[in-house]
Every structure is written in structure tokens, then in C-alpha cells.
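# Breakdown of the fold
One-letter residues, chain by chain:
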Amino acid sequence: MRMIATIATLALSLGTAAATWAADKADNNSKPVTSAEITGSVPAQINVSNANVFNRLLKKDKERNSAPPTDGIHDADNEGTHQLQPPKVAYEGFPTTEFGNYIDWVKSLNGGNINPRYDREDPSVEPIVMDLDILREVKASMPDVIFPHKPHTQWLHCSNCHPKIFKPQRGSNQINMSQILLGQKCGVCHGKVSFPITTKSCTKCHSKPKPAEWKPPLSDASVKNPWR
Amino acid sequence: MWRYAIFGLVGWVSALLISIPAQAEYADVVINNYADAAGMRPVVFPHWYHRVRFRCKVCHADLGFQFKAGGNKITMAKIVDGQFCGACHNGEISWSVENCGMCHSGVPGTATQIHGSTVQRLVAPTYEALSDKKKAQ
Ligand code: HEC
Ligand code: HEC
Ligand code: HEC
Ligand code: HEC
Ligand code: HEC
Ligand code: HEC
């Protein structure tokens, strides 16, 4: 019994060694030749400390819209997983964005790429759409926020937001970015299901540019600073 | 000799464990309040797939799904009774519940979550606005 286990382990380690060797070889072949290597004056490889690599904290998707069997949360050993539709297939021809599902749901809906039902059974029921924009002035240098009721009421019911998330009265709700990032207010949906909060999506909400003469207010500490 | 065997084994085990970082579709929900404990794979609910077919209102207003991953305490008894997923996965609007592996498709042990959310992807927890802090005190 022990013998068999030993042999199996050995076979595995041999396999690892072979794979590592093959990978090393492939690496060497694909590496561009530097001038230092040609003249041979400097060591060919400089080993930078692992603590100081680029992108220490940057998380990036290796692949966009990956298929369920390779996405890391679906179990590839489960047969049902292989019946699921890969998102890329369904998104064929949809207008794209740089974040979230990497497609623009508002444009897909208005452009007729999709026609989701507003009623569970009856495809002919039309949504009750309300076209009312709410302007929220932002204290900071970011463009002001316009909350458009139209794209929201195309998808949602008034009761999804009123009164639990927002009191239906202009300016009566305290909203700031930290709440949104914590998953409150607009963050109940944005950053979870509707488009996320990333550098490339800020201007979707912050869409009304500040007047040219606008300057950020100075902090007290700066106003009182005797050396200013 | 043994040393190499152990190195090899460690190498293989770590290769298997580290293999794929999760990068599932944005807004996929993993629901695992009870599934693991009952010996079933966790449920993966694909938002993208359903919102192509239904507006949010259908599930989150008409069918009463709360906006909280794992917050609806869904069980098979409720589904068979026509609640939650069972309002559609009943063999009429969509395929019915005997297709266990279509819903129970998650990697065992995955925690309840909304995948790819901004909060999950932050490098550090978000700041607390000074005005909020003052209020709390
Ligand atoms: C409002 C109706 C509705 C509800 C509620 C619903 N589904 Fe679905 N679901 C559908 C329809 C329609 C399909 C497409 C079926 C088809 O292609 O025949 C589907 C398909 C699926 C698929 C397969 C996706 C693919 O790639 O083919 C999964 C998985 C799924 N649903 C899981 C769930 C789970 C889990 C729940 C409950 C948490 C749920 N659904 C609730 C209507 C619904
Ligand atoms: C996605 C969330 C959301 C949905 C859905 C929604 N609203 Fe609102 N609504 C808001 C926000 C945010 C405000 C602004 C509140 C503020 O400024 O403090 C608002 C403001 C309002 C106001 C106050 C306007 C004013 O001038 O004072 C009314 C009335 C209102 N909504 C009605 C509705 C109705 C009717 C529906 C359904 C057809 C609806 N809302 C759907 C988020 C929503
Ligand atoms: C209940 C869920 C919900 C809440 C809360 C919510 N939104 Fe949205 N929002 C949506 C959905 C769904 C869409 C459709 C597009 C999508 O899913 O990406 C949308 C779209 C938008 C759009 C249109 C984007 C475009 O491409 O034209 C803007 C702007 C927006 N939201 C801003 C806000 C702001 C600002 C708040 C907070 C005051 C807010 N939303 C709160 C669900 C929500
Ligand atoms: C879902 C919509 C939405 C997105 C996306 C968004 N913001 Fe905001 N932001 C708001 C709202 C709403 C406020 C509050 C405005 C007010 O005071 O009424 C705000 C306020 C702010 C403020 C003022 C300080 C504060 O906390 O109130 C800053 C700065 C800011 N946002 C920066 C950003 C940056 C940077 C991004 C992109 C990473 C971003 N926002 C993306 C909705 C959004
Ligand atoms: C439409 C999607 C769907 C299908 C199909 C489905 N389930 Fe579930 N099931 C769920 C959801 C959602 C939960 C809640 C998961 C949780 O919170 O852990 C659940 C929970 C469970 C649980 C634990 C909770 C309980 O009710 O005791 C068991 C066991 C289970 N399912 C077995 C099955 C079996 C067996 C089948 C096939 C006959 C099946 N499920 C088919 C969606 C589904
Ligand atoms: C077919 C039904 C269905 C549709 C359509 C649907 N959802 Fe969901 N949603 C769910 C289910 C199921 C959950 C998970 C609930 C649970 O785990 O108990 C969920 C969870 C959520 C959450 C909670 C995330 C968290 O944990 O904070 C948000 C936000 C959300 N949905 C927004 C939306 C928005 C916005 C839309 C429309 C673009 C939408 N949903 C469309 C079924 C649906």
C-alpha cells in the first residue's frame, strides 16, 4: 500500500518537474534579447524584489464575460454547469462599456437588443415610465449629479426605491460617496447589479459639468493658515 | 528521495488550489445559506441572464425578492410551493425544479455573495465621511 502511494507521489513530482521545465523553456524562448545580453557586460536578468512588483494591489479580470465552467465560482465537475449559456454568446451585437457586464444595459434596452418583460407572464404589459430628472449639486469638484427617473422606471417599480431607500422629495435625502461605496443609497444597486462605481463610470452619474468659474471651497485649515 | 516526493505533492496541491481566481460575470449571486450543509452545491443565480428576459420589477417588486444576497431565506419547500425561483421554474415559464444541477452549480464551500461587487473589489475598506462620523458620536 505504502509502496503504491510512494510511486504515485513520485510520478506526480516527475510530472511537475517536467511541466516546470517545459514552462521555463517556453519562457526563455519568448523573452526578447536585450542589448546587455548581446554585449554580455551586465547580468542578463535583474531580480527585482517581489515586494516591489508593479500592480501589487491592482485586481483585473483576466478575461471578460468568462464562460461558467472557467469563471471560478461555477463547479466544472457539475454537468449542469456545461448547459449554462456563456454571457459572450448572449451579448452578441450589444452596445459595450468598459465596466460591469461590459455592456450598456440602457442602450441595449432602448436600441431593442433586449425586450425584458415587465410582467412575469404577459409580454405585452408596458412599464410605467416617469421622465423626471433630479439635480444634486456636489460640494466637490466632480460634476453635479443628475438622477434620471426615466432609465430607472423602465426597469424598476417606484416601490423599489420609495420610501425605503429615498424619501420622494427633492433634496430631502442625505447622499454621499462613502454611503454609495458601502452599498447604501444609489449603492444598493450600483456596484452590485446596475453599473458599478469605477473611474470609468463616475461621469454616468456626475454628468452635469460645473460652471467654468467654479472653484472648490477652501478648508478652514487652509483659510487660517498664516503661511498661505 | 522523500523530499522530492513531498515537494512534488505540495506543488500539485497548490497548483490545484490556486488555479483559477474567481472572475464570474458581474452580478452573479451565490446563495449558500443551507445548500452546503445539506450536501448540495451552492446556488449560482445569474442576474445578467434573467435581466435580458425580465425587468427588475418582476422579481424585486411583484415576487418580493429583497435586495440582499442570501436575505430571502429561500428553501426548496418554498420553491416547490411556487415562491421565489418557483414562480417561474415550474415547467411553464421556465424549466422546472428537477433540474437540480442547473441552479446548484457553484463550487462547494463558496460563501453567499454578490460576485464582482464594488465593495468586493476595493483594495481597502471605503472611507467614512467626516460628517457621518460626527453624527455617530
Ligand atoms: C421571473 C421568472 C424567474 C424567476 C423568479 C427565476 N428564474 Fe431562472 N430562469 C427564468 C427563465 C425564463 C429562464 C430561461 C429558461 C429557458 O431558457 O427555457 C431561466 C433560466 C435560469 C438558469 C439557466 C441560465 C442559463 O444559462 O441557461 C438558471 C441557472 C436559473 N434560471 C436560476 C434561477 C434561480 C436560482 C432562481 C431563484 C433564485 C431563478 N432562476 C428565478 C425565469 C426565472
Ligand atoms: C432608482 C430609485 C428610484 C425609483 C425607481 C423612483 N424614484 Fe423617485 N426619486 C428617487 C430619487 C433619488 C429622488 C431624489 C430625492 C432627493 O433629491 O433627495 C426621487 C424623487 C422623487 C420625487 C420628488 C420630486 C420633487 O420634485 O420633489 C417624486 C415625486 C418621485 N421621486 C416619484 C417617483 C415615482 C412616481 C416613481 C415611480 C414611477 C419613482 N419616483 C421611482 C429615486 C427613485
Ligand atoms: C433600485 C436600484 C437602483 C438604485 C437605488 C439606483 N439606481 Fe441608477 N440605475 C439602476 C438600473 C437598473 C439602471 C439601468 C442601467 C444599468 O443597470 O446599468 C440604472 C441606471 C442609472 C443611470 C443611467 C445610466 C445611463 O447609461 O444612462 C444613472 C445616471 C443612474 N442610474 C444614477 C443613479 C443615481 C445617481 C442613483 C442614486 C441617487 C441611482 N442611480 C440609484 C438601478 C438603480
Ligand atoms: C451611482 C451614481 C454615482 C457614481 C457612479 C459616482 N457617484 Fe459620486 N456622488 C453621487 C451622489 C448621488 C453624490 C452626492 C451628491 C450630493 O451631495 O447630493 C456623489 C458625491 C460625490 C462627491 C462629493 C463628496 C461626497 O462624498 O459627497 C465626490 C468627490 C464624488 N461623488 C466622486 C465620485 C467619483 C470619483 C466617482 C467615480 C469613481 C463617483 N463619484 C461615482 C453619485 C455617484
Ligand atoms: C430554480 C433553481 C433551483 C433548482 C432547480 C433546485 N434548487 Fe435547491 N435550492 C435553490 C435555492 C435558491 C436554494 C437556497 C440555497 C441556500 O440558501 O443555501 C436551494 C436550497 C436547497 C437545499 C437546502 C435547503 C433546503 O430546502 O433544505 C437542498 C437540499 C436543495 N436545494 C436540493 C435540491 C434538489 C435535490 C434539487 C433537484 C430536485 C434542487 N434543489 C433544485 C434553488 C434551486
Ligand atoms: C429573475 C429574478 C430577478 C431579476 C429579474 C432581478 N433580480 Fe436582483 N436578485 C434576484 C435574486 C434571486 C437575488 C438574490 C436574493 C437572495 O439571495 O436571497 C437578487 C439580489 C439583488 C440585489 C442584492 C445584492 C446584495 O446582496 O446587495 C440587488 C441590488 C439586485 N438584485 C438588483 C437587481 C436589479 C437592479 C435588477 C434589474 C436590472 C434585478 N435585480 C433583476 C432576482 C432577480
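The rules behind each value
Residues numbered from 1 in each chain as written. Chains lettered and ligands numbered in written order. Predicted model: local features only at pLDDT ≥ 70, side-chain atom pairs only at ≥ 80, totals over all residues. Domains from an automatic or database assignment. Contact = placed C-beta atoms within 7 Å. Helix = DSSP H or I, 4+ residues; strand = E, 2+ residues; numbered from the N terminus. Near = placed C-beta within 6 Å. Core = buried A, V, L, I, M, F, W, Y, C linked by C-beta atoms within 7 Å. Buried ≥ 20, exposed ≤ 12 C-beta atoms within 10 Å, placed from the backbone.

### Brief notes about the domain arrangement of chain A
Assigned domains of chain A: these are domain 1 (65–91) and domain 2 (95–212). Between domain 1 of chain A and domain 2 of chain A, the C-alpha centre-to-centre distance is 28 Å.

### What to know about the interface of chain A and chain B
Across the contact, 54 residues belong to chain A and 57 residues belong to chain B. Counting residues per element, the side of chain A that touches chain B draws most heavily on helix 1 (residues 2–30) of chain A, which supplies 6 residues.

### Concerning the site of ligand 3
Around ligand 3, the structure places 23 residues, and the nearest of them are A:Val106, A:Cys186, A:Cys189, A:Ser194 and A:Phe195. Two or more chains meet at ligand 3, and those chains are chains A and B. Of all the secondary-structure elements, those providing two or more residues to the shell around ligand 3 are helix 4 (105–110), strand 2 (145–148), helix 5 (149–155), helix 6 (158–161) and helix 8 (202–205) of chain A.

### A word on the nonpolar core
One finds A:Ile73, B:Val30, B:Ile31, B:Val43, B:Val44 and B:Cys85 to be the most contacted residues of the largest nonpolar core, which totals 13 residues. Breaking this core down by element, the ones donating at least two residues are strand 1 (28–31) and strand 2 (43–46) of chain B. The residues touching B:Val43, leaving out its near neighbours within four places in the chain, are B:Ile31, B:Ala35, B:Cys103, B:His104 and B:Gly106. If you look at the next biggest cluster of nonpolar residues, it comprises 8 residues, including A:Cys189, B:Trp48, B:Val52 and B:Ile114.

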